[in-house]
Amino acid sequence: MILEAPDTFAAHFDLVPAEATALKVMADDLATLMPGFVIKRERSLRRSFAVTLALLGAEASPLVEDYSDAFAPVDSSLQEWLRFGDFVVEETRELAAELPYGDVIADVARFERLRLRSATTEGPLWPEPERDPLDPRRIDPGRALWLHRSAAVETFGWDVRTVRGPEILPRLRPDRANLLCFQRGEEGEGATLRIDDEAARAIELIALRPGEATAAMIGELTGTGRSPEMLLGKLIAQGAVRGAPPW
């Protein structure tokens, strides 16, 4: 209003000429800077969910613009990306019935959010340094277990790990998959494992009772007939699970 009708604005707010002039200068600066800021912000958002937005095609730009209009910026890029991820997941879920391969796109959005949450988890990633490492080929069933702090698992209707662009969508077939994301090694390299239902349940139990859940307890709660090595060996070998200090 101050740019379009400065005199009316000044009269409405009972401003003296010096105040009105100062505000008009500020408004001019904002009008000049805002488009560049919006473009930079939206470019960052697009990079954080690049695959999902590529799959959305013509729906991508309106979705990003809707987010920019609905949510004020925050200082932390990470907080912005995570909030945008929640928005993208919700929007793709609502659009799923209207878009070709909409259910797959919704799964890709959830997978990108899962991977982002895991990759940006900050340390310490274990309660304390490891002592007496577990041998994945010979697991003490009574040893308490810890889960890597960045580790999380979700179930998807498709194995979306290989989806990079729309060209693969016609070739995908329903393929229920539990995907576990976590940071691996000292460098925090992002890793994704496909695990079966019993291993996914084991992950959930260790997360619920860190430092308390044991292989024996997990076996009893899940009713599995598999050995601890068959159930947990891969998770331990890959660095997603480790033993709590023996007391």
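A brief structural summary. Note that this is a predicted model, so its numbers are computed, not measured.

### Digging into unusual backbone geometry
Residue P124 is reached from G123 by a cis peptide bond, and omega for that bond is 5°. For P124, the position within the fold is in the loop between α6 (102-119) and β1 (145-147). Non-glycine residue Y101 carries a positive phi angle of around 60°. Assignment of secondary structure puts Y101 in the loop between α5 (77-95) and α6. In the Ramachandran plot, D132 falls in the positive-phi region, its phi being about 55° despite a non-glycine side chain. Relative to the helices and strands, D132 resides in the loop between α6 and β1.

### Looking at the packing of helix α7 (residues 197-208) against helix α9 (residues 228-238)
Helix-helix packing is described using two parameters, namely the angle between the two axes and the distance between the axes. At their nearest, the axes of α7 and α9 sit 10 Å apart, and the two run at 65° to each other. As summarised for this structure, α7 and α9 are arranged roughly perpendicular, according to the angle between their axes. Handedness of the α7/α9 crossing: right-handed. Of the residues in α9, those in contact with E198, A199, A202, I203 and I206 of α7 are L231, L232 and L235. Its residues assigned to classes, the contact of α7 with α9 shows 7 nonpolar, no polar and 1 charged.

### Some details on the nonpolar core
Counting residues in each nonpolar core, the largest one holds 33 residues, and the members touching the most others are F84 and V163. Put simply, the parts of the chain that give this core at least two residues each are α3 (50-56), α4 (60-70), α5, α6 and β3 (177-184). The dominant element in this core, judged by the number of residues it contributes, is α6, at 7 residues. Residue contacts for V163: discarding those within four places in its chain leaves V51, L55, V108, I168 and L172. With 26 residues, the next largest nonpolar core counts I139, L193, A199 and I236 among its residues.

### As for α7
Relative to the 16 Å expected for 12 residues at 1.5 Å per residue, α7 spans 17 Å between its end C-alpha atoms, a close match to the ideal helical length. N-cap assignment for α7: the residue whose side-chain oxygen lies 3.2 Å from the backbone N of E198 is D196.

### Focus: the side chain of S118
Tracing the backbone shows S118 in helix α6. Judged by relative accessible area, S118 falls into the buried class, the value being 3%. In terms of polar contacts, S118 uses its side chain to reach the backbone amide nitrogen of F182, at 3.2 Å. Those residues in contact with S118 that sit more than four places away from it in its chain are S150, C181, F182 and Q183.

### With respect to the pairing of strand β4 (residues 189-195)
As defined by bridge partners, β3 adjoins β4 across 7 bridges and the pair is classed as antiparallel. Paired with N178 across the two strands is I195, which belongs to β4. Counting the residues in the hairpin turn of β3 and β4 gives 4 residues, including G185, whose phi is positive at 80°.

### A few points about the environment of P6
Here P6 is to be found in helix α1 (residues 6-12). For the pair P6 and T21, spaced 15 residues apart in sequence, the C-alpha to C-alpha distance is 8.6 Å.

Each value, and the rule that gives it
Residues numbered from 1 in each chain as written. Predicted model: local features only at pLDDT ≥ 70, side-chain atom pairs only at ≥ 80, totals over all residues. Heavy atoms only, no water. Helix = DSSP H or I, 4+ residues; strand = E, 2+ residues; numbered from the N terminus. Axes fitted to C-alpha atoms, helices over the stretch in contact; angles between N-to-C directions. Parallel < 35°, antiparallel > 145°, perpendicular 65-115°, else oblique. Left-handed = near helix turned anticlockwise from the far one by under 90°. Contact = heavy atoms within 4.5 Å. Nonpolar A, V, L, I, M, F, W, Y, C, P; charged D, E, K, R; others polar. Core = buried A, V, L, I, M, F, W, Y, C linked by side-chain atoms within 4.5 Å. Buried < 20%, exposed > 50% of the residue type's maximum accessible area, 1.4 Å probe, protein only. Expected span 1.5 Å × (residues − 1). Polar contact = N/O pair within 3.5 Å; in protein donor to acceptor, adjacent residues only side chain to side chain. Pairing = 2+ DSSP bridges.

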